[in-house]
Amino acid sequence: MFRITEIKRDIVIANRILAHEGVADAFGHVSARNPGKPEQYFISRSRSPSLVTAADIMEFHLTGDSISKDDRKPYAERHIHGAIYEARPDVHAVIHNHAHEILPFTVTKTPLRPLVHTTGVIGGHVPVWDIADRFGDTSLLVTDMDQARDMAKALGDARVVLMRGHGCTVTGASVREVTLAAVYTHVNAKLQLQAMPLGNVTYLSPGEIEKTPEALIGPLAMERAWDYYAARAGADQL
Ligand code: MN
């Protein structure tokens with residue numbers, strides 16, 4: 001029971017961090033798989049990340065059907081989360097966001113690639129999913145399980161999937177891990193946009209991509225980074 005309370009608290013703090021770091025604006029969401037019931041996940045009701053509190057957290061089946069018996073309005077795009085939990089037993093937390101600096105990499109052939117030691121966490125291959133490939137003209141939002149499963153397929157075993165003309169979805173083994181991964185996906189996009197006009201960029205090597213994540217999401221580093229970002233967001237006392 002304590003573990004669930006802790007996970008819900010981390011979801012709230014993660015929302016505040018994403019809002020404060022400019023990863024999420026009015027939109028964007030964070031979920032966590034229920035550790036006791038892996039076929040279910042927690043996510044806020046439809047609310048902007050900077051405003052989410054523990055009372056807003058709802059629980060859903062992986063199919064997106066609500067378990068919470070009330071009439072709170074869920075996120076229309078919650079299926080993104082369930083489809084990834086279905087496809088990836090190793091994933092226990094998911095973040096979806098529309099950070100502006102990521103968007104250029106969703107609409108061009110330039111891949112998002114890690115270029116500094118803190119961003120090796122995004123992985124060597126960041127796939128781009130185009131909803132139009134299978135679903136034609138849509139609102140670009142992921143509004144059902146069919147679309148979400150197609151996106152999860154494009155994610156494959158990667159950390160991050162970019163969504164054409166829309167945003168990205170980031171995966172992790174915990175809420176803390178996925179939050180740092182989402183923050184540093186955004187950092188990498190910003191740095192890559194700054195570096196590319198200057199000339200040929202030296203990206204991390206495959207070996208470096210393997211060795212660098214420990215310094216961000218290894219247990220010691222992750223606690224330090226989490227406390228730092230939670231305090232910066234004014235969420236450390238929640
Ligand atoms: Mn979206």
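Residues numbered from 1 in each chain as written. Predicted model: local features only at pLDDT ≥ 70, side-chain atom pairs only at ≥ 80, totals over all residues. Heavy atoms only, no water.

### As for the overall build of the chain
When its secondary structure is counted, the chain shows 8 helices and 7 strands. Taken over the C-alpha trace, the chain has a radius of gyration of 17 Å; the compact-globule value for 238 residues is 18 Å, and the two agree within 12%. Taken along the three principal axes of its C-alpha coordinates, the chain extends 55 × 45 × 30 Å. Long-range contacts, defined as pairs at least 24 residues apart, comprise 66% of the intrachain contacts of the chain with a sequence gap of at least 6. If you sum the accessible surface of the chain, you get close to 11200 Å²; carbon and sulfur atoms cover 54% of it. Across the chain, the 25 positively charged side chains and the 28 negatively charged ones have centroids separated by 2 Å. (Helix = DSSP H or I, 4+ residues; strand = E, 2+ residues; numbered from the N terminus. Rg over C-alpha atoms; globule rule 2.2 N^0.38 Å. Contact = heavy atoms within 4.5 Å. Areas by Shrake-Rupley, 256 points an atom, 1.4 Å probe, with all protein chains shown as cover. Lys, Arg positive; Asp, Glu negative; His and termini not counted. Charge placed at Lys NZ, Arg CZ, Asp CG, Glu CD.)

### Side note on the coordination of the manganese ion
Taken together, the protein ligands of the manganese ion are Glu77 (OE), His96 (NE2), His98 (NE2) and His166 (NE2), with distances of 2.0 to 2.1 Å. Every donor residue of the manganese ion comes from the same chain, spaced as E-x18-H-x1-H-x67-H. Of this pair, Glu77 sits in the loop between β3 (57-61) and α2 (79-87) while His96 sits in strand β4 (residues 93-97), and the two are 19 residues apart along the sequence. Taking the relative accessible area as the measure of exposure, Glu77 reaches 6% and is therefore buried. In this structure His96 comes out as buried when scored by relative accessible area, which is 1%. (Donors = N, O, S within 2.8 Å, 3.2 Å for Na, K, Ca; no water. Buried < 20%, exposed > 50% of the residue type's maximum accessible area, 1.4 Å probe, protein only.)

### Here we look at the pattern of salt bridges
Considering all chains together, one arrives at 10 salt bridges under this definition. Between Arg88 and Asp90 there is a salt bridge, with its nearest N and O atoms 2.9 Å apart. The exposure class of Arg88 is buried, given its relative accessible area of 10%. Bridged by salt links that share partners, the residues Arg45, Arg47 and Asp56 form one connected network. (Salt bridge = Lys/Arg side-chain N within 4 Å of Asp/Glu carboxyl O.)

### Quick notes on the sheet that holds strand β5 (residues 128-129)
Strand order across the open sheet formed by 7 strands is β3-β2-β1-β4-β7-β6-β5, with mixed pairing between neighbours. With one partner strand each, in any of the chains shown, β3 and β5 form the two edges of the open sheet. In this structure, β5 lies alongside strand β6 (residues 160-163), joined through 2 bridges in parallel fashion. Looking across to β6, one finds that Val128 is bridged to Leu162. This element, helix α4 (residues 145-155), spans β5, β6 and β7 (167-172) of the sheet and lies at about 125° to β6. (Pairing = 2+ DSSP bridges. Axes fitted to C-alpha atoms, helices over the stretch in contact; angles between N-to-C directions.)

### Focus on the side chain of Asp10
Structurally, the position occupied by Asp10 is in helix α1 (residues 2-20). On the basis of relative accessible area, Asp10 is assigned to the buried category, the value being 10%. Not counting residues up to four positions away in its chain, the partners in contact with Asp10 are Val175, Arg176 and Trp226.

### Topic: the environment of Ala230
Structurally, Ala230 can be placed in helix α8 (residues 219-232). Taking C-alpha positions, Ala230 is 7.7 Å from Arg16, a pair spaced 214 residues apart along the chain. Excluding residues that lie within four positions of it along the chain, Ala230 makes contacts with Ile13, Ile17, Ala235 and Asp236.

### Side note on the pairing of β4
Counting buried residues in β4 gives 5 out of 5 residues, a clear majority hidden from the surface. Side chains of β4 alternate between two faces, with Ala93, Ile95 and Asn97 and Val94 and His96 buried alike. In this sheet, β4 lies alongside strand β1 (residues 29-33) in antiparallel orientation, the contact comprising 4 bridges. Within the sheet, the bridge partner assigned to His29 lies in β4 and is His96.

Geometry only, nothing functional implied.
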